[in-house]
Amino acid sequence: MSHLTTSPSSAPAPSSAPAFSIGHQLGGDAINLEQPPSASRDEIEYAQRIAQARIAIVDDEEINILFVKRHLREEGYRHFFATVDSTQAIDMFRDCRPDIVILDVKMPKLSGLEILALMRDDENLRHVPVVIMTAATSSVLRLEALKSGPADFLGKPIDPADLLLKIKNILTVKAYYDLRAANEQLIEQRVAEQSSELLATRRQLVSCLARAAELRDDDIGNHVARVGRYAAIIADKLGFTSQDVALIELAAQLHDIGKIGLTDQVLLKPGRLEPDEFDRIKTHCNVGRAILRPLTISQFRAYQEHVDIGVKLLTGATAFPLLQLAATIAQTHHEKWDGTGYPLGLAGNDIPIEGRITAVADVYDALSSKRPYKPAFAQEKCLQILEEQRAKHFDPLVLDAFFSRRDEIIATQLELADSQ
């Protein structure tokens, strides 16, 4: 490119340059202007801006470029990038990343307005402020330029005072927006970091609480983690948002938290349970809900009598969506599509969808895992048993979603397999 660039060492220090600035390094050459003790903070910040500002100039007449650079140097500006070839302007801007562009309008090959339009189509250049140099006073030209983005105008012949004032004002405004953007980015970064930490902490707490329930059942494997992952896979297939899928994965891990409230005599009994003992086992659903989302007696009665029970479950007063959802799953993951489940005997779509999803995930993991009372069943037998319970135990649509993601289910099963 035929860029005309000026580095800090290429021009003698003018006598009218400010007496204060900060040290600045570019291309190995340092600028160190003395700073008087009386310099105010605003003066120091202004000196920093002009010492660091990167100014790009495009004009097909080199004398105009030299004129602009000379007057800006006298104010303390040092970093210039210039070209007389308008076709090279965009590439030069991309290379030097200017803070401001001074652009002639009437140039051969590519006009200033055409360059401005190209800048506005470039994501990295569209917000760079532009000062347009023109001898024309046409309001049509000015309107056309303003439509292309932030711009100001310098009349030709150029008034040095007008030049310096416009550059100073534009760079001051740009510094403000740059600072605000940097602060917003920093805030977003900190929020993202804190959100990540909170999510990791929440996952760990859920895992600990879920494993506590499993330890009560003499099961220290990865059951809760697998059920959560299976539930997430099914929910994703059913079209849940990524945020809701993540929530379901966590909440489903707490499906058996109510086991904490059962006695060892019942929970750890070897062999077949008596009917009254099985009735006590059934209470772990309501115990789980009570742990995660306590209800008063009147609320519970109103909840039982409500026609749209699923909605009632999901629109409670709790301020914590994860606990609300976990409570729903804890209470409804043993309900059955045909209404023969427990503890409420809900049927069909009255069972919250999250409970229906977790039911499939939980039963599949129970079938495919080794338990004290049974060996792990073969894959095909597990799938056969699930299919036999279509429209009986399981929602057919949920079961279809499970089968359609069979490969992911098996991969998860292998990944989270219990150590033998």
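Overview of the structure. Everything numeric here is computed off the predicted structure, so don't read it as measured data. (Residues numbered from 1 in each chain as written. Predicted model: local features only at pLDDT ≥ 70, side-chain atom pairs only at ≥ 80, totals over all residues. Heavy atoms only, no water.)

## So, the overall build of the protein chain
Our working rule: The numbering of helices and of strands both runs from the N terminus, where a helix is a DSSP run of H or I of at least 4 residues and a strand a run of E of at least 2. When accessible area is computed with a 1.4 Å probe and restricted to protein chains, residues below 20% of their type maximum are described as buried, those above 50% as exposed, and intermediate ones as partly exposed. Should any heavy atoms of two residues lie within 4.5 Å, those residues are considered in contact. Here the accessible surface of atoms and residues is derived via Shrake-Rupley with a 1.4 Å probe, and residues count as covered only by protein chains that are part of the display.
Within the protein chain, the regular secondary structure consists of 18 helices and eight strands. By the burial criterion, 42% of the 420 residues in the protein chain qualify as buried. Within the protein chain, counting contacts between residues at least 6 apart in sequence, those at least 24 apart form 65% of the total. If you sum the accessible surface of the protein chain, you get close to 22100 Å²; carbon and sulfur atoms cover 54% of it.

## A look at the pairing of strand 7 (residues 130-134)
Successive side chains on a regular strand alternate, one facing one side of the sheet and the next facing the other. So the rule is basically this: Looking down the strands as they point away from you, a crossover is right-handed if its path from the first strand over the helix to the second goes clockwise.
In terms of residue burial, strand 7 counts as a mostly covered element, since five of its five residues are buried. As for the winding sense of the linkage, the β-α-β connection from strand 6 (residues 100-104) through helix 4 (residues 112-120) to strand 7 is right-handed.

## Observations regarding a nonpolar patch on the surface
Note the following rule: Patch membership needs two things, relative accessible area over 30% and no salt bridge, and members are linked within 9 Å if like-charged or within 5 Å if nonpolar (Val, Leu, Ile, Met, Phe, Trp, Tyr). The term salt bridge refers to a side-chain nitrogen of Lys or Arg lying within 4 Å of a carboxyl oxygen of Asp or Glu.
Nonpolar side chains collect at one region of the surface, where Val173, Tyr176 and Tyr177 lie side by side and expose about 320 Å² of accessible area between them. Along the chain, Tyr176 turns up in helix 6 (residues 160-216). Judged by relative accessible area, which is 47%, Tyr176 ranks as partly exposed.

## So, the side chain of Gln413
Put simply, the rule is: Two N or O atoms count as a polar contact when they lie within 3.5 Å, although within protein this holds only if one can serve as hydrogen donor and the other as acceptor, and sequence-adjacent residues are included solely when both atoms are side-chain atoms.
Within the fold, Gln413 resides in helix 18 (residues 406-415). Residue Gln413 is classed as buried on the basis of its relative accessible area, which comes to 18%. At a separation of 2.5 Å, a polar atom in the side chain of Gln413 contacts the side chain of Tyr364. Here Gln413 is in contact with Arg226, Tyr230, Tyr364, Ser368 and Gln379, once residues within four sequence places are set aside.

## Overview of the environment of Gln331
Note on placement: Gln331 falls in helix 14 (residues 321-332). Classification of Gln331 by relative accessible area gives buried; the value is 1%. In sequence terms Gln331 and Gly355 are 24 residues apart; their C-alpha atoms lie 7.9 Å from each other.

On their own, these measurements won't tell you what the molecule is for.
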